[in-house]
Amino acid sequence: MNQTTIPPLPYNPKALPRETARHYIPATAQDIQAMLGSLGLSQLDELLQHIPASVRMAEPLALPEELSYEALYRHVVEQSRKNCVPDMAFLGDGLPHYKVPDLVPFVAGLRELMTAYTPYQPERSQGTLMTQWLYQCCLAMLTGFEAINASQYDRATSLVEALYTAARLSRQGRTHFLLLGSLWPQDLEVVRTLLEGTRLTYDVVPIDPARGTVPLAALEQQATVKADTLAGIAFPQVGSLGCLEDVDGLTDLAHRLGVRAIVVTDPMLLATGGLKAPGTFGQEGEGADILVGEAQHLAIPPHYGGPGLGVFGMRYNAAHQQDMRQAPGRFVGDAQDEAGRPAKVMVLSTREQHIRRHKATSNICTNQGFVATLTAAAILARGEQGIQEACARGRTNATTAARALLRLPGVRLAFPDTPFWNAFVLALPCSSAAMIETARQRGIHLGVDVSSRLPGSTGNHLLLSFSDLQEPAHLERLTEVFVEMLGAPDPAGAPAHATTVTLPEVPTAYLRREPVGLPSWDGEQLRTFFASLSEQNISPDRTCYPLGSCTMKYNPYINEVAASLPGFAQLHPDAPLADAQGTLEVLYNLQEYFKAITGLPAVTTQPVAGAQGELVGLKMFQAYHRSRGETQRDVVLIPHSAHGTNPATATMAGFETVQRGAETLSGVVEIHAGSNGQIDLDHLRQLLTRYRGRIAGIMITNPNTSGVFETRFQEIAALMHAEGGLVYMDGANMNAIAGWVDLGALGVDAVHNNNHKTWTIPHGGGGPGDAIVAVSARLAPFLPGVQVVRTAHGYALEHPSQSIGSVHRHFGNMGHKIRAYTYLRALGRQGVRRMSAVAVLAARYLHQRLKGHFPTLPRETPDSPRMHEFIITLPEATFEKLEAAGISRTRAIGPFGKLFLDFGYHAPTVSFPEAQGLMIEPTESYTKAELDRFADAIIMMLQLVNEQPTILHTVPHFTPVDRIDDVSANKHVVVSARLTTMPPVLPNRIAPDQLAQMPLEAIAEAIRAASAAKLQDKQ
Ligand SMILES: Cc1ncc(COP(=O)(O)O)c(C=O)c1O
């Protein structure tokens, strides 16, 4: 296509009413006036009158003017074309690039799968649960590991979690690790960043520069020295120089030493005909213990480095029954509903942070769920043969290219005796950087200069990686370009025929023994299968999705188009900067926009979720205190009402809680709430005195999880600063205040924005999310990763002077940054303020409609103005009726939440942060009529329960399955199976679309009838 033509959109925006509404707010001017009028107000800004004037954001916001829909589309297309993505690339370097099967974009377009939340309501989330189960099964078949989850952001963070897991598994409390120097340097940097200041320690064992691998003897020697404290050895199957490690020898060594063998692998290379499955490593074939890897490339293009998909696997077999209980994150398990129908549910989530808080095994909340869904689709679309071919093609392309290039003068393999698979390092007779630049000018992304990984290199080492993307013509052109730069084969010195070049052989012990046995399902059937799975979920596209604290707002279609534009999506993070100017400009602009939105002077775009933003914040706190010689600061203050990720993050950062009786000596200390639902200042003052000189900082969610703005935040921050501590603001609720509150004036030192909440990135049935962290001037030198800077010659990268190091292997979830950018360009300077004001209006209006029927929580605070969300509970009289019907007060809220499913809605957030609460966040994405129907439905639910409390024994009634027995699923955990036949998909008994068309009274009648029938069956 001509570079000036704008391709047609793949949908008709006019057929999507939320899509074309200004700022994606469908409420009309009359709707807004009517809602304001019912609250006795006349203008939006009156909603935020209670926010102190001293912390109000000055107007106008320093953002560009909003773009119309057409102008926005043209802009993102043109922006993507500022990148240069050649059709020949030999990059890779830990993030390979493969062909994407057609099923993947089809599944990515299934909105109910893409936009749904984490499957906390399993009866309404069987679609997501099944796709993630399929991912677990496919990966289990490829790797030979029995338990795989999708809870890690990328390979680097998965490696960090593997080290924590191995330390927990070590019965003697061992915390030291040996990491092979052949692991990816990007991953090692993340390990260094995240383990700094924690109780885990490690040494990196250097490679042998002649072999590109780590000698076993050297490793054993080092292991013996640290034998008493060693908990595990982490090694790659294919190292960062393309060389194959002796995985059997490494596994056996770890086991001989009584420590965990942690393997880092690429699942694509484990296809039939490929490399040995980690579940079978070792002379006896017992396998490695913990699996780490990257799976992004199995499903999606590089997207300049993310969203990634960290593979994390554990053994779950006769010899390892309990290990999995130490795994971070969540698994999907086999289950049954009350009627015995097969179903899926999340298992082992009792360890998750929302329950275990500072004792949680990990702080990850939003995970990589949707990339896992797409990976399942990609693997099943390829089938046994397809994935075998993709793997073999990479290998053949690599050997063909090596044979051709090794004939050229002065070109040799850097490690002539070490076997490789689909990537190898050449030692060149010239500078690799110069070769890369010359090739770039000829339209080729040649490879990666790995000279810095090799002691003694003269800057002449080049890593070339291959996949199924290269055609024979590409390989010929590659050779031609080398010849143009280095000259033709030397007839005297080089072998006469290319095939006579000898390459190191891959020993059979390194190869897979058994076929994987993946199913080969028909492509059309797979489409129907995934489409019907999506119908088991619901989406905020349809109607209000009231999950409090999760901001389930509308996710514009145009964001998806923008993120998948080839100029953005196909760009590899190792592309030369000159060819990545379009993407770098987006990153630069995002840095600037978030400075404007937060009122803080510096921003990082590297974190990939709110929880990771929190970790970045606390790591910067530690670095700041260290830089001032204040290493004694070992306490973090967190309000009791905070989301569980806050204390879990503090623990991961190294603030482990130490208690003596009821007294907390160090680590996470809880602050009480006062009678107005806000932080109790008297208690805070007591804590400041009690822990004087020891407080690293405070973490405050604002507005807090009860939906109340902390009006004395500025005072709290001043108290904290006076004590030498720092202030973290959990920005999960930015949808209520963006554009209205100046966080700099509030006294915030670091804040994360959850881009998958406020900034319209879809939740993907669990993730991937994304985050942008803004910081005060005191923390700016410590920012992670790189900053994009504008220079006279274009956009460039700069490392902050005292950076804590990277927290992601590349630039974070770049695909998501494009989505957030596209949204912000649609909002412009007026839209950001309008978005948050209408979100507050919707919540206030809904609360107004419900508060005559339901008490508000916390009970003491009915009159504190609510922002974007509010919490209600059942009236006392209803609790009493339920108790009389055998449903105790403590067990009533969960089933009441399931009544929402019967009315075609998702449930609100149940029992958090108030045990008997329903936290409702309507967002700005719905009209007054939609909010009114929702309010009427909730009131009708109450009437139904009051008149017939036993209904809560039988809810839900219209979802594909009845209530799921998660207790049994957690007792008899099954997290993978061999895939043979396509699993059946149960239909909705009444589909949400149909429910949306029914009068509420008709729904109530259908519920009464369905409940009576179920109760009869039970008798
Ligand atoms: C208040 C609050 N803080 C932190 C988080 C964690 O953010 P993420 O899920 O993006 O890691 C959440 C997530 O729902 C939240 O609601």
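Scroll up a little and you will see the structure.
What counts and what doesn't
Residues numbered from 1 in each chain as written. Predicted model: local features only at pLDDT ≥ 70, side-chain atom pairs only at ≥ 80, totals over all residues. Heavy atoms only, no water. Buried < 20%, exposed > 50% of the residue type's maximum accessible area, 1.4 Å probe, protein only. Helix = DSSP H or I, 4+ residues; strand = E, 2+ residues; numbered from the N terminus. Polar contact = N/O pair within 3.5 Å; in protein donor to acceptor, adjacent residues only side chain to side chain. Contact = heavy atoms within 4.5 Å. Pairing = 2+ DSSP bridges. Axes fitted to C-alpha atoms, helices over the stretch in contact; angles between N-to-C directions. Salt bridge = Lys/Arg side-chain N within 4 Å of Asp/Glu carboxyl O. Near = heavy atom within 4 Å. Areas by Shrake-Rupley, 256 points an atom, 1.4 Å probe, with all protein chains shown as cover. Nonpolar A, V, L, I, M, F, W, Y, C, P; charged D, E, K, R; others polar.

Visitor: If you had to explain helix H21 (residues 645–653) to someone new, which residues and values would you point to?
Guide: Buried residues dominate H21, accounting for nine of its nine residues. Those residues of H21 not exposed but buried are Thr645, Asn646, Pro647, Ala648, Thr649, Ala650, Thr651, Met652 and Ala653. Just beyond H21, the residue with positive phi is Gly654, at close to 120°.

Visitor: Explain the side chain of Thr251 residue by residue, including any values.
Guide: Tracing the sequence through the fold places Thr251 in helix H10 (residues 247–256). Residue classification places Thr251 among the buried residues on the basis of a relative accessible area of 0%. Reaching out from Thr251, the side chain makes a polar contact with the backbone oxygen of Val247 at a distance of 2.7 Å. Excluding residues that lie within four positions of it along the chain, Thr251 makes contacts with Phe235, Ala261, Phe281, Gly282, Gly287 and Ala288.

Visitor: Lay out the sheet that holds strand S16 (residues 658–660) with the relevant residues and their values.
Guide: The eight strands are arranged S14-S21-S20-S19-S18-S15-S17-S16 in an open sheet whose pairing can be described as mixed. Edge positions in the sheet fall to strand S14 (602–604) and S16, since each of these pairs with one other strand and no more. Mean inter-strand twist for the sheet, computed between neighbouring axes without regard to direction, equals 30°. In the sheet, strand S19 (residues 726–731) pairs with strand S20 (residues 750–754) via four bridges, with the strands oriented parallel. Bridging across to S20, Gly731 finds its partner in Asn753. On the sheet, helix H19 (residues 581–598) packs against S14, S20 and strand S21 (771–775) and is oriented at approximately 125° with respect to S14. Here helix H23 (residues 713–722) sits on the sheet and contacts strand S15 (635–639), strand S18 (695–701) and S19; the angle it forms with S19, its principal contact strand, is near 145°.

Visitor: Provide a residue-level description of the pattern of salt bridges, including the pertinent values.
Guide: Overall, the coordinates contain 56 salt bridges when judged by the stated rule. For the salt bridge of Arg22 with Glu66, the shortest nitrogen-to-oxygen distance reads 2.8 Å. Of this pair, Arg22 sits in the loop between helix H1 (17–20) and helix H2 (29–38) while Glu66 sits in the loop between H2 and helix H3 (69–80), placing them 44 residues apart in sequence. Residue classification places Glu66 among the partly exposed residues on the basis of a relative accessible area of 25%. Between Arg833 and Glu59 there is a salt bridge, with its nearest N and O atoms 3.1 Å apart. In this pair, Arg833 is assigned in helix H25 (residues 814–850) and Glu59 in the loop between H2 and H3, connecting sequence segments 774 residues apart.

Visitor: Please give an account of the site of the ligand that cites residues and values.
Guide: Thr366, Ser549, Gly610, Asp730 and His756 are the nearest of the 15 residues found near the ligand. Within the side chain of His756, an N or O atom sits 2.7 Å from an oxygen atom of the ligand. One of the side-chain nitrogen or oxygen atoms of Lys757 is found 2.8 Å away from an oxygen atom of the ligand. Contact with the protein chains covers 99% of the free accessible surface of the ligand, which is 380 Å². Examining the composition of the shell around the ligand, we find that three residues originate from one element, helix H20 (residues 610–627), more than from any other. The residue makeup of the shell around the ligand, split by class, is five nonpolar, seven polar and three charged.

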